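Below, each chain spelled out in residue letters.
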Amino acid sequence: MDDRRDMSWFTLARQPQEPLSPDGPTLTGEGLRQWRHQFRPFVRYVSRRRTVVALSGGGMAMPAHISLLRLLELLEIRPAAIYGTSAGAVVGGLFAAGMNTGQIEQAMLDIRSPDDLFGFAARYPALRLAALAIRRQFGQTSLDGSGIYDVDRIESHVADILERYIGDVPSMRELKTPFHCVSVDIGTGRSPTSERSTVRKAIFSAERTPDVSLSDAIGASMAIPGVITPKKIGDRYYVDGAIAEHLPVLSAYVDWRSARRRFRRDRLVIVASDLGYTGEALKEKDLADPIDLVIYSKRIQERIINHHNLLQCHRPRRGSSVVLVRPHGVRVELYEIEKIRPCLNVAYRAAVRQLSGSDFLGETERTLAQARSLLGLR
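What comes next concerns the included structure. Small disclaimer: the values here were computed from a predicted structure and weren't measured. (Residues numbered from 1 in each chain as written. Predicted model: local features only at pLDDT ≥ 70, side-chain atom pairs only at ≥ 80, totals over all residues. Heavy atoms only, no water.)

From N to C terminus, the protein chain includes 14 helices and ten strands. Considering only intrachain contacts with a sequence separation of at least 6, the fraction spanning at least 24 residues in the protein chain is 75%. (Helix = DSSP H or I, 4+ residues; strand = E, 2+ residues; numbered from the N terminus. Contact = heavy atoms within 4.5 Å.)

Another aspect to go through is the nonpolar core. Trp 35, Phe 42, Phe 179, Phe 204 and Leu 355 are the most contacted members of the largest nonpolar core, which has 84 residues in total. Examining the composition of this core, we find that nine residues originate from one element, helix α13 (residues 340-355), more than from any other. Among residues more than four places away in sequence, those in contact with Phe 204 are Met 172, Phe 179, His 180, Cys 181, Ser 183, Thr 209, Val 212, Ala 217, Ala 220, Ile 233 and Tyr 238. Judged by nonpolar contacts, the second largest core, of 19 residues, contains Ala 81, Ala 252, Ile 270 and Leu 368. (Core = buried A, V, L, I, M, F, W, Y, C linked by side-chain atoms within 4.5 Å. Buried < 20%, exposed > 50% of the residue type's maximum accessible area, 1.4 Å probe, protein only.)

On to the environment of Tyr 296, then. Position of Tyr 296 among the secondary structure elements: in helix α12 (residues 290-313). Note on Tyr 296: relative accessible area 14%, which makes it buried. For the pair Tyr 296 and Ala 281, spaced 15 residues apart in sequence, the C-alpha separation works out to 9.9 Å.

Now for a nonpolar patch on the surface. A contiguous nonpolar patch, built from Ile 300, Ile 304, Leu 374, Leu 375 and Leu 377 and spanning about 350 Å² of accessible area, is present on the exposed surface. Inspection of the secondary structure puts Leu 374 in helix α14 (residues 362-374). (Patch = residues over 30% accessible without salt bridge, like charges linked within 9 Å, V, L, I, M, F, W, Y side chains within 5 Å. Areas by Shrake-Rupley, 256 points an atom, 1.4 Å probe, with all protein chains shown as cover. Salt bridge = Lys/Arg side-chain N within 4 Å of Asp/Glu carboxyl O.)

Right, let's get into the pattern of salt bridges. Inspection of the entire model under this criterion finds 18 salt bridges. Between Arg 200 and Asp 185 there is a salt bridge whose closest N-O contact spans 3.2 Å. With a gap of 15 residues between them, Arg 200 in strand β5 (residues 200-204) and Asp 185 in strand β4 (residues 179-187) connect regions that are remote in the sequence. On the accessibility criterion, Asp 185 (0% relative accessible area) is buried. Linking Arg 326 and Asp 274 is a salt bridge whose minimum nitrogen-to-oxygen distance equals 2.8 Å. Pair noted here: Arg 326 is in the loop between β10 (320-325) and α13 and Asp 274 is in the loop between β9 (268-273) and α12, with a separation of 52 residues, a long-range link. Across this residue pair, the class does not change: Arg 326 and Asp 274 are buried. The structure contains a network of salt bridges with shared partners spanning Asp 274, Arg 326, Asp 359, Glu 363 and Arg 366.

For the rest of this paragraph, the subject is empty space enclosed by the protein. Following the criterion strictly, the structure yields two cavities of 30 Å³ or more and no others. Met 60, Met 62, Val 90, Ile 154 and Met 222 are the residues nearest the centre of the largest cavity, which is lined by 19 residues in total. When contributions to the lining of the largest cavity are tallied by element, the ones reaching two or more residues are α4 (87-96), α6 (114-118) and α8 (151-166). Here the element with the most residues in the lining of the largest cavity is α8; it accounts for four residues. Taken together, the residues of the lining of the largest cavity sort by class into 16 nonpolar, three polar and no charged. The computed volume of the second largest cavity comes to approximately 70 Å³. Broken down by element, the residue count for the lining of the second largest cavity peaks at four residues, all from α12. Tallied by class, residues from the lining of the second largest cavity come to four nonpolar, three polar and three charged. (1 Å grid on protein atoms, 1.4 Å probe; cavity = no way out; pocket = protein on both sides within 12 Å on 5 of 7 lines; lining within 4 Å. Points joined across faces, edges and corners; volume = space filled by probe spheres on them. Nonpolar A, V, L, I, M, F, W, Y, C, P; charged D, E, K, R; others polar.)

Below, the discussion takes up the packing of helix α3 (residues 63-74) against helix α5 (residues 101-109). Here α3 crosses α5 at 160 degrees, and the two axes come no closer than 9 Å. Here α3 is positioned roughly antiparallel relative to α5, judged by the angle of their axes. Viewed along their axes, α3 and α5 form a crossing whose handedness is left-handed. Contact with α3, carried on its side by Pro 63, Ile 66, Leu 69, Arg 70 and Glu 73, involves Thr 101, Ile 104, Glu 105 and Met 108 of α5 and no other residues of that element. A per-class count over the contact of α3 with α5 returns five nonpolar, one polar and three charged. (Axes fitted to C-alpha atoms, helices over the stretch in contact; angles between N-to-C directions. Parallel < 35°, antiparallel > 145°, perpendicular 65-115°, else oblique. Left-handed = near helix turned anticlockwise from the far one by under 90°.)

Shown next as structure tokens:
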């Protein structure tokens, strides 16, 4: 048994350990082969299909995605492409750029303070809101300042990580693994004058936006309205991709359908890591603050979109399927940096549990049943 009060011993780089504890040795050789045996049904399933990974939004719970990627590394499953939204765009983008999971984990653990990511007084959003109100009082209003935290500050931290581990900030065309980053294009901020003013889902990728830098694409995907300022690229502004597609399975499915017209025998499996709301009713004390109620409503909206998209994409008889994983077990607020290591631990355990044995599609099937119920389908 591990000591949940002290997670300082845990690191994904030492996995798999048996037992999973401070004194558990890292498995190698025959021990590793035996450990992998429990995943044979899942490995056989994905080996016969084009495998892509979809990583959802999830705020500072983003380290949970690293746990799933680490498990895929251990099983020697290399995704053909990665799709990421918001927090998933950060982890997916770093991985696609060529960083391994050990490096991404260390980059997360190196965050010593929320100020590193979000700027001065990150733990006190009320103070930052007050400063924003003062600027507005003096007429300093623009989309570039319409958020508690500055997207450029967060993006700069991502760029620093990329330069430290791979030497530069690559463009979308220069990534080691094809990466598709979901955002929402909200226009130029000026009065509508053409069809280009229409709000739409935007996907940054080597095919669509080859010259956009990875850090710009990640910034555009994670700019949560009202929390993080919109990201400006060229003359257009972009906000959080979770508004349109919290878990980017539909984007992966649509791309596969388009390519399948040329490769008709190709089958698809989307290994999807969902850090979203699972549908549990919250207690009244958790919804007393109006902001909490707004966020709760947003999570319900994201869940409905996820359910609808899952119903569209999981069609095994037609060649496409989704292996849904819910690795998130620790609630992590934007400023709770100290919870990163426990988040990694819990997420790794969850991913191992959900993908081992013959029930690796169990989470998908249970969620599909919930989706039909929520959407009034039979």
